[in-house]
Every structure is written in C-alpha cells, then in structure tokens.
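Residues per chain are reported as follows:
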Amino acid sequence: MAEKGVQLDRETFSCPICLDLLRDPVTIPCGHSYCMDCIEAHWEEEEGKRLLSCPQCRKTFTLRPVLLKSTMLADLVEQLKKTGLQAAPADHCYAGAEDVACDVCTGRRLKAFKSCLACLASYCEKHLQPHHDVPPLKKHKLVEPSNQLQENICSRHDEVMKMFCRTDQQCICYLCLMEEHEGHDTVTAAAERTERQRELEGSRLDIQQRIQDREEDLKLLHQEVEALNLSADKTVEDSEQIFTELIRLMENRSSDVKQQVRSRQRTEVSRVRELQEKLEQEITELQRNDAELKLLSHTEDHNQFLLHYPSLSPRAEATHSSSFIIRPLRHFEDVTAALSELRDELQDALREKWTNVLLAVTEVDVLLSQPEPKTRAGFLRYSCDITLDPNTAYTRLLLSDGDRKATLMREGQSYSSHSDRFTRCRQALSRESLTGRCYWEVEWRGRGVDVAVSYKNINRTGSRDESGFGFNNNSWALRCSNNSFTFHHNDVQAPVSGPPSSRLGVYLDPRAGILSFYSVSDTMTLLHRVQTTFTQPLYAGLGLVVDLFSHMMFLFRNERLFHESSAELCKLK
C-alpha cells in the first residue's frame, strides 16, 4: 500500500510534457507546473501564434508569463530523488520503432494511447486527458493509434479529406470538391464507408460459404481415401488367393497385378492427398483473407478503410463451384471380377483376358477428369513446351527455331544414323512425352501437314502403312491441306469439315482418352474429337505433305518449282 502511495507522489511531481520528475519547476498563472526548459520550448514552438497556451488546460495568455523557479516544488522533487525512485515510466511504455509515439511528449516519447482525427495528432494517456476534460475537444473523433494520419490530409490544399469522389475513386477535401472534382459523383467518406462496409460483409459471407463448401469436400475426400484403401487391400487379398489356385499358370501375372494395383493405389492416394493439401491451403488463405477483412471492417478511420479496401476486397471474388468431381465407389472391385473370370479360363485365353485386368486397374479413378475447356484462354492453361527430336526426323526435314520448326528441303540433312529415325516418311516425333492434360498449336504453310500423336513404338523404317502417322493403330493424325481436312487412324480415313486455317490446336487428355483438333483463328472451331483408350505414353508428331507436282519437280531437280512446306510447334504465352 505504501508503494502505491509513493507511485502517486511521483506522478504528482512529474512534468506533464517530458513526464520525468520536474527539473527547475515553475508554475504558470493557470496553476499548472512544468520543467522550465519544457514550457519554454513549448512556448517557443507557439511563438508564431497570437496567444500562448497551457499544454494541459489550454488556457491562453496574451503576454508571455515571466517564469520563476518554484522553490517549494524544487525541494519536494529533491526529496523524492533522495528516495532512489525513478519517475520515468517503465521501458515498455516508451514508443519503439514500430509503435505510434505521442506527438506532445518531448525527449523520449511515450506510446500513443489514441489518435485524434480532428487534431491529426496522437496522444499518450496523460496528454490525451484534455480531450476528456475540455468540452470542445470532447467532440473530436478518437481512434486507435495510427501512423497514417497525414494520409488524411489533401496534399494540394492541406485540408482534411472528408469527401469521396466516386468518379475518380479517391478521397478529397471540400476545396477539391469545388475545383477539379466539380460535377463529379461525390459523397461523404462516411457514406462511402457505409456502402463499402456492406460490400465487405457480403464478401465475408461469400468467403465463409466457400470455406464451408471446401470443408465438406475435404470430408468427402477423407472418406474416399478410406474406401479406396479398403478396396485396394481387399483386391490384393483376393488376387493373391486367385493366383494361388493358378500358381503354375499365373505365377508371373500375380506379381504384375499386385504391382499395378499398388501403383494405382499410391497414385490415386497421392492425387487425393495433394488435393487435400490444396484445399487446406485454400481454407487457410480464405480464413486469413476473412481475418484481414474483419480487421478492416473494424477500422474506425474512414479514409484508412477506403485506402486499403481496394487491395483486400477483390480477393473474395471467385466462383462457388469446386474444381473437381468425386467419382463414388469406383475402386478395385472390377479387378477382382476380371481375375475371377481369368481363373476360370484356360491357359490359351490368358493373353486376351490379361488386357481386361490392366484396363480395370487403369480405370480406378476417385476424381473425374475435368471437362474440356471452352475457350482458347482455358486451353492455354494446359499449354506444354514441345520440341522435335532430331534423332527421329526424316533426313530431308530441316529442324530450326530450337527444334520447333520442320521444313521439307530438296537436299538431305547431315543427320547421324539413329534407330529412331523415320527413313521413308517425311515426319518427326517430339522429344518430350505427353503426360497429363496437354495443349499445343501448330503453324503450317505449304501443301499440307499431318498433325499427330503417336506411341513411341511406331515403326520407323517401314512403308507408309507401317510408319505413316494415322495409317496404323499406333498413331492418330489430322491431315490438313489448303482445301480440306481428313482424320486418319489405323488406315481408316474420315472426312472432316471446318474453316481453312494455318494454325491448328491440339488438346490431349490421356487419362480420359480424349484427343481433339481445333482450327485456331479469332475463335476456336472444333474440327474432330477422338474418344478412345490410350495404353502407352504418347508423343506429338509432325509430318509434311508433298503433292505429286512437287514430288516430280524434286525428281527433276527443279528447285524453282519445288513447293517448300513447313510446320512449327508454336510458343504459347
């Protein structure tokens, strides 16, 4: 209790300006006491004003009072000093580098307790007292301490900005309203804040709904993982039992099925967990965004709210729809059925039924493939960087532009011998395999081009029926000429209608078995779509078409009449 009394005495004999024990104390006519240096420095700052004032009660003086040292106060202060107590506040009360400091304190300044939007100044608790005691100051708007008070001042007129121009989307002062913003759609900053606050609350509701939707999706994914694992475990167990019965005939196949199922299990679980992590990250981001919007909604300074609102509000804009679809109860049961059927077949049927087993494992899919994009911007999300492999290029194909462009030349190129090279067909395969959803575009000129996808094991040295894109069951090709399109696969030709185009787009989703060809201009026109099952990794292919006339000119070495053809894998931004 005694210690509390001493603390009160220390505050009583502290200077209201520096908040330290009075040094050379003086009392001014209104009765308040200060350090002589502190009040002198304060009045020197006010020297340009007509009247001087007391920093505490704001009483004004026409003439500068003569300051005389208060002997009694000086003696009392000396007595306090002899007690060994320090009158300065604790260190945590002083303003640090990241704190808002009191604008009235001199020397080492205290942390601000409030900021005044009318005074455009920040005050510690002691210097804020006049705003609680003096009637005119009681009307001032006090907010949490802020270092951005000067941002409320118009840089042109040095006035507080209390208006908002909706035409120019900026805070303005009353003078701006009468000058460069005359005739604009203007309202008070408070009115604009009210409207934006309603928008903010709507955004928060939208975010909260999205969080709820994502949490439901996450819950469903957890359930699917459990079901997938149980199904995979049961299938492995069943497959082991079936292969035990056929141990002599199916010894090697048992190991293969086990590997395929486990591999598919790991793949699907990995995909789902990756999506789980993405959803968890999205929920965290949405929660952070919601927290930021909540903090902004509680900001009392209208101008600060409007200043930071544009940078935060757009984050809430998004659709409600999930970017994936759950395929329920599609696990490994079909594998068990296929194996049971295989067990009952004779040994000579093993090779035929083995395909059914592998397809059943491949079709296990918890997440359905996303629908094919509708716009070029949507396709470009899946653009892939593809180059041609020089080791596959026909000898008269010149590769240039970083192995993206193939040009049919009259003379052969100096390629080294390689087993992957096409020896009879004017074509080349990509260096990169096509994994996942892919999109690329081909720019061509000349007599025609074959835009294709192919398995790597396509024949390289055989005739057109064996090696040509689209003439065997290892490749699919769209043949383009100036006048027509035709689609080729396994030596079956199908006419294709569509607008002539020198740029073609190719979309591939190997998992869904979708291959689509588009004519690309100002808009994208679907030329042909293939729905099939791809059983091997795919590669992009380009083949150049030469008409009979050009071929004859080549044979007769008439370079002037030889029509040069080229095709290029475009760089997509």
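Because the structure is predicted, anything quoted here is derived from the model rather than measured. (Residues numbered from 1 in each chain as written. Predicted model: local features only at pLDDT ≥ 70, side-chain atom pairs only at ≥ 80, totals over all residues. Heavy atoms only, no water.)

**Details of the overall build of the chain**
Along the chain, the regular secondary structure elements total 14 helices and 25 strands. The buried share of the chain, reckoned over its 573 residues, is 43%. A total accessible area of about 31700 Å² is found for the chain, and carbon and sulfur atoms account for 49% of it. (Helix = DSSP H or I, 4+ residues; strand = E, 2+ residues; numbered from the N terminus. Buried < 20%, exposed > 50% of the residue type's maximum accessible area, 1.4 Å probe, protein only. Areas by Shrake-Rupley, 256 points an atom, 1.4 Å probe, with all protein chains shown as cover.)

**Some details on helix α9 (residues 302-312)**
Inspection of α9 places N303, Q304, F305, L306, Y309 and L312 among the buried residues, and these make up the whole buried set. A side-chain oxygen of the first residue of α9 lies 3.0 Å from the backbone nitrogen of N303; this N-cap is D301. (Polar contact = N/O pair within 3.5 Å; in protein donor to acceptor, adjacent residues only side chain to side chain.)

**A look at the pairing of strand β20 (residues 492-496)**
Looking at chain direction, strand β19 (residues 485-489) and β20 are connected through 5 bridges and run antiparallel. Of the residues in β20, the one forming a bridge with T486 is P495. The turn joining β19 and β20, which pair antiparallel and follow one another in sequence, is formed by 2 residues; a positive phi near 55 degrees is taken by N490. (Pairing = 2+ DSSP bridges.)

**A short note on the side chain of S146**
One can find S146 in the loop between β7 (142-143) and β8 (163-165). The residues touching S146, leaving out its near neighbours within four places in the chain, are V100, S115 and S122. (Contact = heavy atoms within 4.5 Å.)

**Points about the pattern of salt bridges**
Oppositely charged side chains are able to pair whenever their charged atoms sit close together. Taken as a whole and judged by the stated rule, the model has 30 salt bridges. The closest approach of N and O atoms between R196 and E192, which form a salt bridge, is 2.9 Å. Residue R196 and its partner E192 are located together in helix α7 (residues 189-245), separated by 4 residues, close to a single helical turn. An identical accessibility class is assigned to R196 and E192; each is buried. Here D403 ties to R431 by a salt bridge, and the two come within 3.2 Å at their closest N and O atoms. Placement of the pair is D403 in the loop between β13 (397-400) and β14 (405-408) and R431 in strand β15 (residues 427-434), with a sequence separation of 28 residues. Judged by relative accessible area, R431 falls into the partly exposed class, the value being 41%. One continuous salt-bridge network, built from bridges that share partners, spans R166, E192, E195 and R196. (Salt bridge = Lys/Arg side-chain N within 4 Å of Asp/Glu carboxyl O.)

**Focus: the UniProt feature "coiled-coil region" (unreviewed entry) in the chain**
The UniProt record marks residues 262-296 with the feature "coiled-coil region" (unreviewed entry), using the residue numbering of this structure. Regarding residues 262-296, the helix share stands at 100% and the strand share at 0%, and the terminal C-alpha atoms are separated by 50 Å. (UniProt positions renumbered as here; feature names shortened; annotations may be inferred.)

**A word on the pairing of strand β17 (residues 448-455)**
In terms of burial, β17 is a largely internal element, 8 of the 8 residues being buried. Of the two faces of β17, the one carrying G448, D450, A452 and S454 and the one carrying V449, V451, V453 and Y455 are both buried. Strand direction decides the pairing type here: β17 and strand β18 (residues 475-481), joined by 7 bridges, are antiparallel. Residue pairing across strands places D450 opposite R479, the latter belonging to β18. With 7 bridges connecting them, β17 and strand β24 (residues 538-544) associate as antiparallel partners. Residue pairing for β24: Y455 is matched across the bridge by L538.

**Examining the sheet that holds strand β5 (residues 114-116)**
As a general point, the strands of a sheet are linked pairwise by backbone hydrogen bonds and lie either parallel or antiparallel. Strand order in the open sheet formed by 3 strands is β6-β5-β7, with antiparallel pairing between adjacent strands. Looking at strand neighbours, the two that pair on one side only are β6 (121-123) and β7, the edges of this open sheet. The sheet contact formed by β5 and β7 spans 2 bridges and is antiparallel. Among the inter-strand pairings, C116 is bridged to a residue of β7, identified as L142.

**Some details on the environment of R437**
Structurally, R437 is set in the loop between β15 and β16 (438-445). Here the alpha-carbon distance between R437 and F379, two residues 58 residues apart in the chain, equals 9.6 Å. Apart from the residues within four sequence positions on either side, R437 is in contact with Q370, P371, E372, P373, Y382, Y507, L508, D509 and P510. Of note is the side chain of R437, whose polar atom sits 2.7 Å from the side chain of Y382. There is a polar contact of 2.6 Å between the side chain of R437 and the side chain of Y507.

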